[in-house]
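Structure at a glance
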Protein chains: 2
Amino acid sequence: MSIRIGIAGYGNLGRGVECAVRQNPDMELVAVFTRRDPKDVKVLTETAQVVRAGEAEQWKDRIDVLILCGGSATDLPKQTPEYAKLFHVVDSFDTHAKIPEHYAAVDAAAKAAGKVALISVGWDPGMFSLNRMYANAILPEGKDYTFWGKGVSQGHSDAIRRIEGVRDGKQYTIPVDSALEAVRNGEDPELTTRQKHTRECFVVLEEGADAAKVEQEIKTMPNYFADYDTTVHFISEEELKRDHSGIPHGGFVLRSGVTGWEKEHRHLIEYRLKLDSNPEFTSSVIVAYARAAYRLAAEGQSGCRTVFDIAPAYLSPKSGEELRASML
Amino acid sequence: MSIRIGIAGYGNLGRGVECAVRQNPDMELVAVFTRRDPKDVKVLTETAQVVRAGEAEQWKDRIDVLILCGGSATDLPKQTPEYAKLFHVVDSFDTHAKIPEHYAAVDAAAKAAGKVALISVGWDPGMFSLNRMYANAILPEGKDYTFWGKGVSQGHSDAIRRIEGVRDGKQYTIPVDSALEAVRNGEDPELTTRQKHTRECFVVLEEGADAAKVEQEIKTMPNYFADYDTTVHFISEEELKRDHSGIPHGGFVLRSGVTGWEKEHRHLIEYRLKLDSNPEFTSSVIVAYARAAYRLAAEGQSGCRTVFDIAPAYLSPKSGEELRASML
């Protein structure tokens, strides 16, 4: 019998989950919950129903794991504890600083309801966190580095679009090659914000807007751009659509550390992602962890978990025996 | 209270474990078991005792986790099940094809004795296996690649040294850059053995040996060299000692896969290790898993486990709360 998956929220992430479910033969998508009018939401999976978010409770015995695809700013802090009263859930809550708070709220709700809730699943937080953690456990004396990109930052693209005179825009975060190489060479560099990443913006102006003023406003924007070397390109709406409609991302997690009685040997652990579609990759990670949630639930576990708490084998459709024979 | 560690076998790996234990403040090395005369074995840790292997049983209440540092060919198949009757154990059994058999023997012994036994811990098998498994669970449609090196292959160095006329030698396995780049570029290449790695040998001849004959014998050696492009350099004993006495290694695990309703997006997951000392890095992984073995044992678990079965958080000295706050 398949693992019956539900999706709450049908944006880029929800659609990504839908696609990922189709790639996993032991799962099926049964319902998509939406705050819009279900008539207006067209999903790709013919056998899945589109349901008003308010009617979720009626599905509590028909869904094994509900995947929450809302945003971290306002949706998930409310939704994850709410839905964890009814379903085993997985979310991709990514406001790093608020994870402890979110964990506590979700854990209380999930424990009270006897449900399993996995939070902050994706690639950062998620696979990047796992790699930071493994590498720190293996090399206790060392230095951590995370580089993001090349990829589209939604937050920075939004910041550009809020500027007066800007019709549309896209921002790429780009790791600085020489910094990455210094880390790989074991130089353990101390890197400032500016030395780690550059930012590249592609901007479509409103008619009559002042390009120089917009460029200046972008480059000096506190928090977002002021601490970086930023390049601004003005392009047409057609060019933006043609060349910059994808949502690629990725990055590097590195740990450089020493071993030996005199700390005489140096080691580098590097994990890299190169992603054509940020939301689809995030979704693929989430769906693998939905399998884990299903299995933990079958064991009678409950409460909140993160990627740190899940034994890797739970993610795979293969049995322990198959994994040992084929992948160890 | 510290986790009390024992080491069985004091070669490169045993010494590596000793060094790694010193880097982990929650552990202490209490004893080293040896088949040699303990008088002849000098360890680095002043507070650790050197004990005859036959007297291990007397230590069963004084050691929390025993780390087995013997070889996979003949030592571990016997030692791991034997020692698992007395201790929680960790080994680095690395004969991939025989892992299922080894698992079964160790599992039976450990279960009967109520002990935890972790097998095949290190980097391959070990961290490379984990990365293969995670990447396969995340990207079910894709292709796996493993490249080893640049690094010293003990087996191939031994093979060179068995040739008549060879006094000493070292062999490096080197990944072919263009093959690695083709994988990174998402070309999903089909690679032959020859296209993935080259082999480079540094050979010291006996006096009067025939260099051309030795070179020919190396290059045509079945299994070891015949399927590879092999380079042979003849050097002096001093040069070998000066330039090739290290045991570096490393490699790359990659998975290239697709997502999207039409499989229209491509992703690359890459895990890389660059190691100055193969045995010390392996030891560092083992020691982190010894912490996990200790914790599983404290929970009352027993039986054989591999890296696939261990939730990452068990490896870290930090609490779940600390990990969520600092590394997620």
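By a frequent convention, interface size equals the accessible area lost on bringing the separate parts together. Across the boundary between the two partners, chain A contributes 68 residues, which contact 68 residues of chain B. Summing both partners gives a buried area of about 6,400 Å² for chain A against chain B, and 63% of it is carried by carbon and sulfur. Counting the surface chain A buries against chain B, the share from its top three residues, Gln-23, Trp-261 and Leu-328 of chain A, is 15%. In this structure, the connection of chain A to chain B is made through 30 residue pairs in polar contact (both at pLDDT 80 or more). At the level of secondary structure, the elements contributing two or more residues to the side of chain A that touches chain B comprise helix 1 (12-22), helix 3 (99-113), helix 4 (127-138), strand 12 (249-259), strand 13 (265-275), helix 10 (278-298) and helix 11 (320-326) of chain A. Ranked by residue count, the leading element in the side of chain A that touches chain B is strand 13 of chain A, at eleven residues. For the side of chain A that touches chain B, a count of residues per class yields 36 nonpolar, 17 polar and 15 charged. As paired strands, strand 13 of chain A and strand 13 (residues 265-275) of chain B are joined by nine bridges and run antiparallel to one another.

All names here are of chain A. Burial analysis of strand 10 (residues 197-205) places seven of its nine residues in the buried class, the great majority of the element. In this structure, strand 9 (residues 166-175) lies alongside strand 10, joined through nine bridges in antiparallel fashion. Along strand 10, the bridge assignment pairs Asp-168 with Val-204. The pairing of strand 10 with strand 11 (residues 229-234) spans six bridges and is parallel. Along strand 11, the bridge assignment pairs Phe-202 with His-233. Crossover connection from strand 10 via helix 8 (residues 211-219) to parallel strand 11: handedness right-handed.

Working note: α-helix, 3.6 residues per turn, so residues spaced by three or four point in the same direction. All names here are of chain B. Given a rise of 1.5 Å per residue, 15 residues ought to cover 21 Å, and the 21 Å separating the end C-alpha atoms of helix 3 (residues 99-113) matches this to within 8%. Those residues of helix 3 that sit buried are Ile-99, His-102, Tyr-103, Val-106, Asp-107, Ala-109 and Ala-110. Remark: Gly-114 follows helix 3 within two positions and exhibits a positive phi of approximately 70°.

This paragraph deals with the pattern of salt bridges. Residue and element names in this part refer to chain A. Under the definition given, this model contains 42 salt bridges over all chains. Of the charged contacts in the structure, one is a salt bridge between Asp-37 and Arg-52, with a shortest N-O distance of 3.9 Å. Of this pair, Asp-37 sits in the loop between strand 2 (27-34) and strand 3 (49-52) while Arg-52 sits in strand 3, and the two are 15 residues apart along the sequence. Given the relative accessible area of 42%, Arg-52 is considered partly exposed. Here Arg-161 and Asp-158 are joined by a salt bridge, their closest N and O atoms 2.6 Å apart. Here Asp-158 and Arg-161 lie together in helix 5 (residues 154-161), a separation of three residues that amounts to about one turn. According to the relative accessible area criterion, Asp-158 is partly exposed, its value standing at 32%. Salt bridges sharing partners connect three or more residues here, namely Asp-37, Lys-39 and Arg-52.

For the rest of this paragraph, the subject is the sheet that holds strand 4 (residues 65-68) of chain A. Strand pairing in a sheet relies on backbone hydrogen bonds. The paired strands run either parallel or antiparallel. Residue and element names in this part refer to chain A. Overall, parallel pairing links the seven strands, which are arranged 3-2-1-4-5-6-14 in an open sheet. Whereas interior strands pair on both sides, the edge strands pair on one side only; in this sheet they are strand 3 and strand 14 (303-305). Taken pair by pair, the neighbouring strands of this sheet meet at an average axis angle of 25°, ignoring direction. As defined by bridge partners, strand 1 (residues 3-8) adjoins strand 2 across six bridges and the pair is classed as parallel. Bridge assignment links Ile-7 to a residue of strand 2, and that residue is Val-32. Across the sheet, helix 3 is in contact with strand 6 (116-118) and strand 14; its angle to strand 14 comes to roughly 140°.

Residue and element names in this part refer to chain B. Within the secondary structure, Thr-282 is located in helix 10 (residues 278-298). Among the residues examined, Thr-282 registers a relative accessible area of 10% and is labelled buried. In this view, Thr-282 contacts Leu-13, Ser-92, Val-121, Gly-122 and Trp-123; residues no more than four positions away in its chain are not counted.

Grouped together as the largest cluster of nonpolar side chains are 161 residues, with contacts concentrated most on Phe-33, Phe-87 and Tyr-289 of chain A together with Phe-33, Phe-87 and Tyr-289 of chain B. Here this core takes eleven residues from helix 10 of chain B, the largest share from any one element. Excluding residues within four positions of it along the chain, Phe-87 of chain A makes contact with Phe-33, Ala-56, Trp-59, Lys-60, Ile-63, Leu-66, Lys-115 and Val-116 of chain A.

Turning next to the sheet that holds strand 9 (residues 166-175) of chain B. Residues and elements named next belong to chain B. Pairing is mixed in the open sheet, where four strands are placed in the order 8-9-10-11. Two strands bound the open sheet, and with one partner strand each, they are strand 8 (151-152) and strand 11 (229-234). Strands strand 8, strand 9 and strand 10 (197-205) of the sheet are contacted by helix 5 (residues 154-161), whose axis makes an angle of about 145° with strand 9.

All names here are of chain A. Buried within helix 5 are the following residues: His-156, Ser-157, Ala-159 and Ile-160. Projected onto a plane normal to the axis of helix 5, the buried residues spread over an arc of 155° and lie on a single side. The elements touched by buried residues of helix 5 are strand 8 (151-152), strand 9, strand 10 and helix 8.

Its rotation angle being 180°, the transformation that places chain A on chain B also includes 0.0 Å of axial translation and leaves an RMSD of 0.0 Å. Here the transformation between the copies is reduced to the relation of a two-fold axis. Scanning chain A for the C-alpha nearest the rotation axis identifies Ala-311 of chain A, at a separation of 1.9 Å. When the interface residues of chain A are mapped onto chain B, 100% of them again lie at the interface, so the same face is used by both copies.

Cut-offs applied
Residues numbered from 1 in each chain as written. Chains lettered and ligands numbered in written order. Predicted model: local features only at pLDDT ≥ 70, side-chain atom pairs only at ≥ 80, totals over all residues. Heavy atoms only, no water. Contact = heavy atoms within 4.5 Å. Buried area = accessible area lost by both parts, 1.4 Å probe. Polar contact = N/O pair within 3.5 Å; in protein donor to acceptor, adjacent residues only side chain to side chain. Helix = DSSP H or I, 4+ residues; strand = E, 2+ residues; numbered from the N terminus. Nonpolar A, V, L, I, M, F, W, Y, C, P; charged D, E, K, R; others polar. Pairing = 2+ DSSP bridges. Buried < 20%, exposed > 50% of the residue type's maximum accessible area, 1.4 Å probe, protein only. Right-handed = clockwise from strand over helix to strand, strands pointing away. Expected span 1.5 Å × (residues − 1). Salt bridge = Lys/Arg side-chain N within 4 Å of Asp/Glu carboxyl O. Axes fitted to C-alpha atoms, helices over the stretch in contact; angles between N-to-C directions. Core = buried A, V, L, I, M, F, W, Y, C linked by side-chain atoms within 4.5 Å. Arc of directions from axis to C-beta. Least-squares fit on C-alpha atoms with pLDDT ≥ 70 in both.

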